[in-house]
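# What the coordinates show
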Amino acid sequence: MKRKLIAAIGVAGMLVSVAACGSDDKNSSADPKDRKETLTVWLMGEAQSTWPELVKDVNAEFNKKYPGVKVRIQYQQWADKVKKLDTSLGGDKFPDVVELGNTETMQYILNGALGEIDPKKYENSDTWIKGLKDTCSFEGKTYCVPYYASARLAVYNQDMLKAGTGSDALPQTEDEFLAAMDKVDAELGKKDKRASSLYFPGRYWYAAMSYVAAYGGQIATYDEGSKEWKAALSSPEAQKGLTHFIDLVKKYNKADQLKDEQDHANVMANEKAAVIYGQAWEAGSVTTGENGNPKLEGKIATAGMPGPEGKALPSFIGGSDLATISKSKVQDLGEEWISLFTNAKSMEVLASKNILPNNEKQLEPLKQKPETAAIANAVPDAWFTPIAPGWASIEKEEILENLLLEILKGSSVADASKKADEKINELINKEA
């Protein structure tokens, strides 16, 4: 497949060529002590709120070698990061290193925004978690470094659960879980009609696709005969999963059912939800940070989310990657900073906070640790969006969220899925 480097997928006006492995910047051969540049790093807010000491320590270690280089960390929010990045890449003020969600990397690889890296320069690269490694790779080359992995699981308020059921342990089968949610609903309804036992925002497509996966469905499948991807949301399995998810939303979400999940940790912090389906770090967001509720400290727990047919709910393999920007003049510095930030020592810091590291070797102990067993064991069987170049150019959130919105507003699952499939098929096999 030919790779087109014109940014037809969101970076207006940016024309860049793919960087060769490593940097050819004229300063890269200078004595480290003579380097005087600024290295701008965009990290997401989780690093600021949950592992700020890691950022501080890595910067200090980096500056031992490069005392004259100023590392400027700029924290971003998921809601507007992509828009800000696209705008910056179209001009002359852009980050040198950027954190990308693993669903975002392909579009930037395809439009040439990311510098190529040599995996051999990065510790644990031989055991990087596949769900992250795959999203950094294209046509045999690597363009980013796995940072941390995540999988979604049940985050719940133990006091709310116990008030309704008499136990603060989350049931392990879906039948038992939903029976518990019914009891919690009844208890919450005595005090607050807008509080939800199970808070599922209707546009939460990651959750919806987890139920699709639970019944054996997929967003799209690859046809070896035609060598093309084909949308599959109209399959009986996918239809069953979508129906199940929508039924849960309608029954248990007592608030606005047309929202997405961006603020569901805040909803729990405001004691408007007993259970959410989120990432492990969001349990910390409920009690700490700008919108956290310290009163809930010690009351928020996590567990595997029970799924249909007696099995755990399959999780999306999420997480973040780190990349250098191909037109940065300090790519070599960016590569070294990333190497320090993702080495075994740094991954141990994340693991100590129950964040899944970027490699299988350091993930293994977390499979036995009570606090992380559910999420760590979810990684091997997790699902992912189609790894298709055309998928990167799709406004996937828009397509999948609109699918859910149409069903919630009255369209049949079959009609809404057919429309989504048509849109996906129209775009997914196009070259970016």
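Residues numbered from 1 in each chain as written. Predicted model: local features only at pLDDT ≥ 70, side-chain atom pairs only at ≥ 80, totals over all residues. Heavy atoms only, no water.

Relative orientation of the contacting elements helix α9 (residues 236–252) and helix α18 (residues 413–427) amounts to 120 degrees, with a least axis distance of 10 Å. Judged by the inter-axis angle, α9 sits oblique to α18. Helix-helix and strand crossings are classified by hand; for α9 and α18 the assignment is right-handed. When α9 is examined against α18, the residues Gln239, Leu242 and Thr243 are found in contact with a partner set consisting of Val413, Ala414 and Ser417. In terms of residue class, the contact of α9 with α18 is built from three nonpolar, three polar and no charged. (Axes fitted to C-alpha atoms, helices over the stretch in contact; angles between N-to-C directions. Helix = DSSP H or I, 4+ residues; strand = E, 2+ residues; numbered from the N terminus. Parallel < 35°, antiparallel > 145°, perpendicular 65-115°, else oblique. Left-handed = near helix turned anticlockwise from the far one by under 90°. Contact = heavy atoms within 4.5 Å. Nonpolar A, V, L, I, M, F, W, Y, C, P; charged D, E, K, R; others polar.)

This part is about empty space enclosed by the protein. Going through the model one piece at a time under the given rule, you end up with three cavities of 30 Å³ or more. The space that makes up the second largest cavity amounts to roughly 40 Å³. Around the second largest cavity, the lining residues are Tyr148, Ala149, Ser150, Ala280, Trp281, Asn354, Ile355, Leu356 and Ile375. Within the residue set of the lining of the second largest cavity, elements represented by two or more residues are β6 (145–157) and α11 (280–287). (1 Å grid on protein atoms, 1.4 Å probe; cavity = no way out; pocket = protein on both sides within 12 Å on 5 of 7 lines; lining within 4 Å. Points joined across faces, edges and corners; volume = space filled by probe spheres on them.)

Buried accessible area, meaning the area lost when the parts come together, often serves as the stated size of an interface. Looking at the assigned domains, one finds that the protein chain contains domain 1 (36–149 + 316–377) and domain 2 (202–237 + 387–431). Computed from C-alpha coordinates alone, the two centres of domain 1 and domain 2 are separated by 29 Å. Counting from both sides, the interface comprises seven residues of domain 1 and, opposite them, six residues of domain 2. Of the roughly 620 Å² buried where domain 1 meets domain 2, counting both sides, 71% is carbon and sulfur surface. Contact with domain 2 buries surface across domain 1, with Thr103, Met106 and Phe316 losing the most and accounting together for 56% of the total. Taken together, the links from domain 1 to domain 2 amount to zero salt bridges. Linking domain 1 with domain 2 are zero residue pairs in polar contact (both at pLDDT 80 or more), by the criterion used here. Across the side of domain 1 that touches domain 2, the residue classes break down as four nonpolar, two polar and one charged. (Domains from an automatic or database assignment. Buried area = accessible area lost by both parts, 1.4 Å probe. Salt bridge = Lys/Arg side-chain N within 4 Å of Asp/Glu carboxyl O. Polar contact = N/O pair within 3.5 Å; in protein donor to acceptor, adjacent residues only side chain to side chain.)

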